[in-house]
Amino acid sequence: RRDFTINGMFYDPLSGDLVDYVGGQRDLAAGVIRAIGDPAARFAEDYLRLLRAVRFAARLNFAIEPETFFALCAHAEGIAAISTERICVELTLLLTEGGVVRGLQLLDESGLLQAVLPEVAAMRGVEQPPQFHPEGDVFTHPQNMLVHMDSDTEPMLSWAVLLHDIAKPSTQSHDPETGRIRFIGHDSVGAQMARRIMRRLRFPKRDIDTVVESIRHHMQLWSALAMRKGTLRKMFQRSAFPLGLELHRLDCLGSGRSLETFEFLKREYSEWKNCPELIKP
């Protein structure tokens, strides 16, 4: 009744024997995620195992055994039977444990992404201006950003990366004269969408506010070099600014752009933090 063979082994602490009735050692050595017994039956016992299979395959860089993957795809809609809190935990682990790009691709291929995050699935195939995003469509961009994240990254930064361009599919327009692709207001619309998504997944209010604020202001940071000192100070006073600054760094790296503005903001923010606080009259 365990889920996968690599999780179905037992250890006898008295004799020191490893008890393996399901071929777990074999699959560990081969790098395979395989359901124990009938994959459809194992998933039906707890549909959260659909997400766990993807997460294990991504984190360990294992292949999902064909019959197991077939059953996973066939039962993807079953994830709707699982509480949003449990889904949220699994998705956060997938975003932060490593192998996130492969994890997102497996979610997409299996139909699970459409089932749990349809707004993210809608980003696939949405074109971007090549002069600003040579990496490709809107779905590719956050994947490029997530590659540059540290292993001990704050989980809310991962969610901010995944959702910061969530409104681009709904705000995309083309200039009739030049053909230029634009996403007017995608930052403010994206903040509203991110709030709805995170509420649906039952995130704590403080986490929601942090991610939403960083998304709402993420385009503002691109203009920092031309800002007055007073405007910069107001920006630094936002509680979510440190996360927003890291989001900007990843945004630069994910699109192959210069880190000049990031380095400038980092220096200015450091100086601002070290200045003595002015006493109000």
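One can find the structure itself at the top, above this paragraph.
Everything quoted here is computed from the prediction, not taken from an experiment. (Residues numbered from 1 in each chain as written. Predicted model: local features only at pLDDT ≥ 70, side-chain atom pairs only at ≥ 80, totals over all residues. Heavy atoms only, no water.)

I'd like to hear about the packing of aromatic side chains, residue by residue, with values.
Aromatic ring pairs are reported here in terms of the distance separating the ring centres and the angle at which the planes meet. Following the criterion strictly, the structure yields eight aromatic pairs and no others. Summarising the aromatic geometry, the rings of Phe4 and Phe56 are spaced 6.1 Å apart at their centres and angled 90 degrees between planes, so their arrangement reads as edge-to-face. Here Phe4, found in the segment before strand 1 (10-11), pairs with Phe56, found in helix 3 (residues 48-60); they are 52 residues apart in sequence, far enough to count as distant. The burial state of Phe4 is the same as that of Phe56; both residues are buried. For the ring pair Trp159 and Phe203, a centre distance of 5.2 Å and an interplane angle of 80 degrees mean the geometry is edge-to-face. Separated by 44 residues along the polypeptide, Trp159 in helix 10 (residues 155-163) and Phe203 in the loop between helix 12 (186-200) and helix 13 (205-216) bring together distant segments of the chain. Residue classification places Phe203 among the buried residues on the basis of a relative accessible area of 9%. One aromatic cluster is present, built from ring pairs that chain together Phe236, Phe241, Tyr269 and Trp272. (Phe/Tyr/Trp six-rings, centres within 6.5 Å; stacked < 30°, edge-to-face > 60°. Helix = DSSP H or I, 4+ residues; strand = E, 2+ residues; numbered from the N terminus. Buried < 20%, exposed > 50% of the residue type's maximum accessible area, 1.4 Å probe, protein only.)

Explain the nonpolar core to me, using residue names and the numbers behind them.
One finds Ile33, Leu107, Leu112, Leu117, Val120, Trp159 and Leu163 to be the most contacted residues of the largest nonpolar core, which totals 66 residues. Ignoring anything within four residues of it in the chain, the contact list for Trp159 reads Leu91, Thr92, Leu95, Leu117, Leu201, Phe203 and Val211. Leu232, Phe241, Leu245 and Leu265 belong to the second-largest nonpolar core, a separate cluster that totals twelve residues. (Core = buried A, V, L, I, M, F, W, Y, C linked by side-chain atoms within 4.5 Å. Contact = heavy atoms within 4.5 Å.)

How would you summarise unusual backbone geometry if you had to cite specific residues and measurements?
Of note, Asn61 is a non-glycine position whose phi angle comes to about 60 degrees, a positive value. Note that Asn61 resides in the loop between helix 3 and strand 4 (63-64). Judged by relative accessible area, Asn61 falls into the exposed class, the value being 60%. Non-glycine residue Arg202 carries a positive phi angle of around 65 degrees.

Explain the environment of Ala53 to me, and be specific about the residues and the numbers.
Tracing the chain through its elements places Ala53 in helix 3. The exposure class assigned to Ala53 is buried, which follows from its relative accessible area of 0%. Once you skip the residues sitting within four places of it in the chain, Ala53 turns out to touch Phe4, Ile33, Ile64 and Leu72.

Mind laying out the pattern of salt bridges, listing which residues take part and the relevant values?
Under the counting rule described, the total for this entry stands at 18 salt bridges. For Asp46, the salt bridge goes to Arg86, with nearest N and O atoms at 2.9 Å. A residue pair is termed long-range when its members are at least 10 positions apart, and Asp46 in the loop between helix 2 (39-45) and helix 3 and Arg86 in helix 5 (residues 84-96) qualify at 40 residues. Between Glu97 and Arg55 there is a salt bridge; the shortest N-O distance is 3.0 Å. Of the two residues, Glu97 sits in the loop between helix 5 and helix 6 (100-110) while Arg55 sits in helix 3, which places them 42 residues apart along the sequence. Given the relative accessible area of 31%, Glu97 is considered partly exposed. Accessibility expressed as a relative area gives 7% for Arg55, which makes it buried. (Salt bridge = Lys/Arg side-chain N within 4 Å of Asp/Glu carboxyl O.)

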